[in-house]
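Structural overview for review
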Amino acid sequence: MTFVVALTLFVLAVFLGVELISKVPPTLHTPLMSGSNAISGITLVGALTSAGAGHSTLTTVLGFGAVTLATINVVGGFLVTHRMLGMFSRKR
Amino acid sequence: MSDDLIQLGYLAAAVLFILGLRGLARPRTAVRGNQLGALGMLVAVVVTLTDQQIIGYGTLAAGLAVGAVIGGLLATRVQMTGMPQLVALFNGFGGAASLLVAAAGFVEVLDVDDPDTQTSVATAAALAIGAVTLTGSLVAFAKLQELVGGGAVPSPVLRVTNIALTLAVVGLGIGLVADPARWWMWALMAVALVLGITLVTPIGGADMPVVIALLNSLSGLAAAAAGFILDNSLLIIAGSLVGASGFLLTGIMCRAMNRTLTNVLFGSIEAGGVAADADEVYAGRVTSSTADDVALLLETADRVAMIPGYGMAVAQAQHAVRDLTRALEERDVEVVFGIHPVAGRMPGHMNVLLAEAEIPYEQLLEMDTINPTFDRTDVVIVIGANDVVNPEARENPESPIAGMPILDVDRARTVVVVKRSLSPGFAGIPNPLFAADNTLMLFGDGRGAVEDMTKALAEL
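Throughout this document, residue positions are counted from 1 along each chain, in the order its sequence is written. Key to labels: chains lettered from A, ligands numbered from 1, both in the order written. Residue-level local features of this predicted model are given only where pLDDT is at least 70; pairs of side-chain atoms are given and counted only at 80 or more, and the full residue set underlies all totals for whole chains, interfaces and linings.

1. Looking at the overall build of chain A
Rules: Runs of H or I in DSSP of at least four residues are treated as helices and runs of E of at least two as strands, each being numbered from the N terminus. The globule rule used here is 2.2 Å times the number of residues to the 0.38 power, and the radius of gyration it is set against is calculated over C-alpha atoms. Each residue is classed by its C-beta neighbour count within 10 Å, where at least 20 other C-beta atoms makes it buried, 12 or fewer makes it exposed, and intermediate counts make it partly exposed; the C-beta atoms are placed from backbone geometry. Two residues form a contact once the distance between their C-beta atoms, set from the backbone, is within 7 Å.
The helix and strand inventory of chain A stands at four helices and zero strands. In terms of overall size, chain A is more extended than a compact globule, its C-alpha atoms giving a radius of gyration of 17 Å where 92 residues would be expected to give roughly 12 Å. Along the three orthogonal principal directions, the C-alpha set of chain A runs to about 55 × 30 × 15 Å. Out of the 92 residues belonging to chain A, those deemed buried represent 66%. Pairs at least 24 apart in sequence give 58% of the contacts found in chain A among residues at least 6 apart.

As structure tokens, this is what we get:
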């Protein structure tokens with residue numbers, strides 16, 4: 001992927017992100033934040049490659065730390081969002 | 001699996017993230033949106049595990065297992081009142097993961113070859129953003145968990161330090177790009193970690209909604225920057241989606257306080273304006289009341305508005321508030337809630353607490369919706385809110401909070417303020433609302449006072 005292609009993806013995704021949530025009601029501010037935070041745990045994908053490639057001890061250690069932290073972020077983020085949203089819908 | 005198939009898998013994950021975020025922005029589809037996001041993540045992880053570069057699965061399994069257990073425990077054990085801390089902590093972990101991914105990616109490239117400019121620039125950005133997100137979030141966590149004092153620390157020394165450290169991070173970044181070597185990386189990382197601490201330390205509790213939304217945005221941007229190092233389209237797309245949505249939320253929070261982001265990060269609220277003197281404002285004009293008197297008022301009311309603030313969270317009064325709401329509704333009193341966008345310590349904090357107490361979200365009104373209705377509201381009960389109901393913001397152009405949008409509770413027939421004392425709120429200024437003719441102060445603990453009102457109402 002050339003730099004320009006990567007930059008194109010980045011800029012388009014920023015605009016898309018703004019569009020997607022521009023009308024979010026305040027009630028959903030917290031779940032949106034914790035849900036989107038779980039999505040930012042996507043760095044897990046990069047962590048898996050680093051930790052699993054067996055390049056050197058240093059990269060494996062860094063990668064292992066990254067896998068662990070990113071997994072906490074992903075699993076915890078989606079779960080806690082689900083729990084929170086469960087409370088929102090309970091009374092309807 | 002071939003590279004093309006992996007890329008297609010990433011495309012599927014990206015689409016699921018987009019659908020997930022869109023779902024999370026609407027109440028009806030939020031649960032589904034969250035599930036779609038999780039599904040996207042699962043697809044991404046499974047596809048990545050088939051990558052032929054990966055040779056050792058033991059490390060991966062260990063990391064995934066440990067992370068899943070810790071994340072699962074944190075998510076299921078946390079009390080709703082502890083939600084701001086947890087969100088801060090997760091932001092920090094996300095930032096830390098991107099930081100480590102960037103470091104590992106850069107080391108790998110360095111060992112093989114001289115990195116190109118894209119890789120070096122992206123590494124510098126990911127290291128800086130990831131490190132600031134990590135330590136900034138940890139400081140926010142410590143403040144919210146009350147491990148350290150939560151107040152604002154207006155310190156000119158820290159302000160100069162922040163500017164110096166920011167320049168140092170930029171300088172080290174330029175160094176790393178000009179002469180890619182490991183020691184630049186470690187130095188940049190170290191300075192950025194310190195910057196995260198000094199940046200968030202002076203920021204007080206009431207500004208936390210801005211800080212948490214900003215850290216949320218940064219955790220996404222760190223992932224996107226890591227994507228530029230690894231040439232990974234999914235990291236770039238997902239990271240920038242989160243970065244954008246977090247930044248939008250940051251803007252909403254800043255507008256709700258009539259402050260700029262620079263002012264929140266580098267300024268302090270005391271900087272401008274002339275605050276009125278507390279003795280002058282309150283002298284002899286404050287009317288103290290009792291739960292019994294308030295109950296008499298509530299009994300004859302047609303419409304009651306509750307205004308919760310951070311004090312309700314501290315006193316864990318949300319369930320007591322729910323009981324009072326039910327008691328009033330049984331007497332055919334209309335009860336609504338007025339929610340200021342920055343009430344509490346994170347965006348949407350009050351909504352989460354009231355949802356936990358099973359108050360339907362239709363009853364929670366936004367500031368712009370409830371403001372025109374105060375003049376036909378009989379009783380307003382302010383529970384643990386202060387600056388967001390201070391009429392000074394509207395009436396005194398000299399006030400430090402002048403221009404901040406507020407809830408116009410002073411226009412209601414009677415205002416009952418539940419509060420421990422006359423101590424000022426975060427802005428450190430007296431609130432003339434407490435001395436107004438139509439205001440009754442009910443001094444005491446938030447939960448106890450609300451419970452007393454419910455009891456007194458039942459005895460009438």
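2. Re the pairing of strand β5 (residues 414–419) of chain B
Looking down a regular strand, the side chains alternate between one sheet face and the other. Residues and elements named next belong to chain B. For the record, the criterion: When DSSP finds two or more bridges between a pair of strands, those strands are recorded as paired.
Most of β5 is tucked away, with five of its six residues classed as buried. Of the strand pairs in this sheet, strand β4 (residues 379–383) and β5 are connected by five bridges, and their pairing is parallel. If you follow V380 over to β5, its bridge partner there is V415. Note: β5 against strand β6 (residues 439–443), five bridges, orientation parallel. Residue pairing in the sheet places K419 in a bridge with F443 of β6.

3. Description of the interface of chain B and chain A
Filter applied, for reference: Polarity classes work like this: nonpolar for Ala, Val, Leu, Ile, Met, Phe, Trp, Tyr, Cys and Pro, charged for Asp, Glu, Lys and Arg, and polar for all others, with Gly in that last group.
With 99 residues of chain B at the interface, the matching set in chain A holds 80 residues. Counting only elements with at least two residues in the side of chain B that touches chain A, the list comes to α1 (3–24), α2 (30–49), α3 (57–77), α4 (83–112), α8 (208–230), α9 (233–256), α15 (349–356) and β3 (364–366) of chain B. With 18 residues, α4(B) is the largest single contributor of residues to the side of chain B that touches chain A. Classifying every residue of the side of chain B that touches chain A gives 61 nonpolar, 30 polar and eight charged.

4. A look at the nonpolar core
Residue and element names in this part refer to chain B. What counts is decided by this rule: Working definition: the nonpolar core is a set of buried Ala, Val, Leu, Ile, Met, Phe, Trp, Tyr and Cys residues, joined through C-beta atoms within 7 Å.
Counting residues in each nonpolar core, the largest one holds 197 residues, and the members touching the most others are L127, L188 and V382. Broken down by element, this core gets its largest block of residues, 17 residues, from α8. Apart from residues no more than four positions distant in its own chain, L188 is found in contact with A124, L127, A128, V169, L172, G173 and L176.

5. Side note on the sheet that holds β5(B)
Neighbouring strands of a sheet are bound in pairs by backbone hydrogen bonds; such pairs are parallel or else antiparallel. All names here are of chain B. To be explicit about the condition: Every angle, taken between N-to-C directions, lies between 0 and 180 degrees, and every axis is a line fitted to C-alpha atoms, over only the stretch in contact when it is a helix.
On the basis of which strands lie adjacent, the open sheet formed by six strands has the order β3-β2-β1-β4-β5-β6 and parallel pairing. Each edge of the open sheet is held by one strand with a lone partner, namely β3 and β6. Across the sheet, the mean angle from the axis of one strand to that of its neighbour is 25°, orientation sign disregarded. Relative to β3, strand β2 (residues 334–339) is paired through three bridges, and the arrangement is parallel. If you follow F337 over to β3, its bridge partner there is L364. Sitting on the sheet, α15 is in contact with β1 (303–308), β2 and β3, with an inclination near 145° to β2.

6. Brief notes about unusual backbone geometry
Residue and element names in this part refer to chain B. Although it is not a glycine, E146 sits at a positive phi angle of roughly 60°. Relative to the assigned elements, E146 resides in the loop between α5 (117–144) and α6 (156–178). Judged by the 11 C-beta atoms lying within 10 Å of it, E146 falls in the exposed class. Even without a glycine there, the phi angle at E358 is positive, about 65°.

7. Structural notes on the environment of B:Q363
Residue and element names in this part refer to chain B. Inspection of the secondary structure puts Q363 in the loop between α15 and β3. Along the primary structure Q363 and V335 are separated by 28 residues, whereas in three dimensions their C-alpha atoms are 7.6 Å apart. Excluding residues that lie within four positions of it along the chain, Q363 makes contacts with V335, V336 and F337.

8. Considering the environment of B:Q53
Mapped onto the elements, B:Q53 comes out in the loop between α2 and α3. Look past the residues within four positions of B:Q53 in its chain and what remains in contact with it is A:T49 and A:A53.

9. Remarks on the confidence of the model for chain A
Note the following rule: pLDDT: the predictor's confidence for each residue, scored from 0 to 100.
Here chain A averages 90 in pLDDT, and 97% of its residues register 70 or above. The secondary structure element of chain A with the lowest average pLDDT is helix α3 (residues 43–52) of chain A, at 91, and the one with the highest is helix α2 (residues 29–40) of chain A, at 93.

10. A word on the pairing of β1(B)
Residue and element names in this part refer to chain B. Across the six residues that make up β1, a large majority, five, are buried. Pairing of β1 with β2 involves four bridges; the strand directions are parallel. Counted as the bridge partner of R303 is E334 from β2. Relative to β4, β1 runs parallel, the two being bridged by five bridges. Looking at the pairing, I307 lines up with V382 of β4.

11. Quick notes on the packing of α2(A) against α9(B)
Here is the rule: Each angle is binned into one of four classes, with values under 35 degrees roughly parallel, values over 145 roughly antiparallel, values of 65 to 115 roughly perpendicular, and all other values oblique. Crossing handedness is defined as follows: a turn of the near helix away from the far one that is anticlockwise and smaller than a right angle gives a left-handed crossing, while the clockwise case is right-handed.
In contact at an axis separation of 9 Å, α2(A) and α9(B) are set at 155° when each is read in the N-to-C sense. In terms of their interaxial angle, α2(A) and α9(B) are classed as roughly antiparallel. Once α2(A) is placed against α9(B), the crossing between them reads as left-handed. Facing α2(A), whose interface residues are A:H29, A:L32, A:M33, A:S36, A:I39 and A:S40, α9(B) presents B:A238, B:G239, B:L241, B:V242, B:S245, B:G246 and B:L249. Partitioned by chemical class, the residues of the contact of α2(A) with α9(B) number seven nonpolar, six polar and no charged.

12. A word on the domain arrangement of chain B
Residue and element names in this part refer to chain B. What counts is decided by this rule: By convention here, the domain bounds are inherited from an automatic or database domain assignment.
Taken domain by domain, chain B holds domain 1 (1–77), domain 2 (83–269) and domain 3 (278–459). Look at where the C-alpha atoms of domain 1 and domain 2 centre, and you get two points 23 Å apart. Each side of the interface is counted separately: domain 1 has eight residues, and domain 2 has seven residues. The greatest single-element share of the side of domain 1 that touches domain 2, amounting to six residues, is contributed by α1. Classifying every residue of the side of domain 1 that touches domain 2 by side-chain character gives eight nonpolar, no polar and no charged.

13. Looking at the packing of α1(B) against α9(B)
All names here are of chain B. Contact pair α1 / α9: the axes reach a minimum separation of 9 Å and the direction vectors enclose 10°. One element, α1, and the other, α9, form an angle in the roughly parallel class. Once α1 is placed against α9, the crossing between them reads as right-handed. Residue-level inspection shows Y10, A13, A14, F17, I18 and L21 of α1 in contact with α9, the latter providing S233, L234, I237, A238, L241 and S245. Per-class residue counts for the contact of α1 with α9 are ten nonpolar, two polar and no charged.

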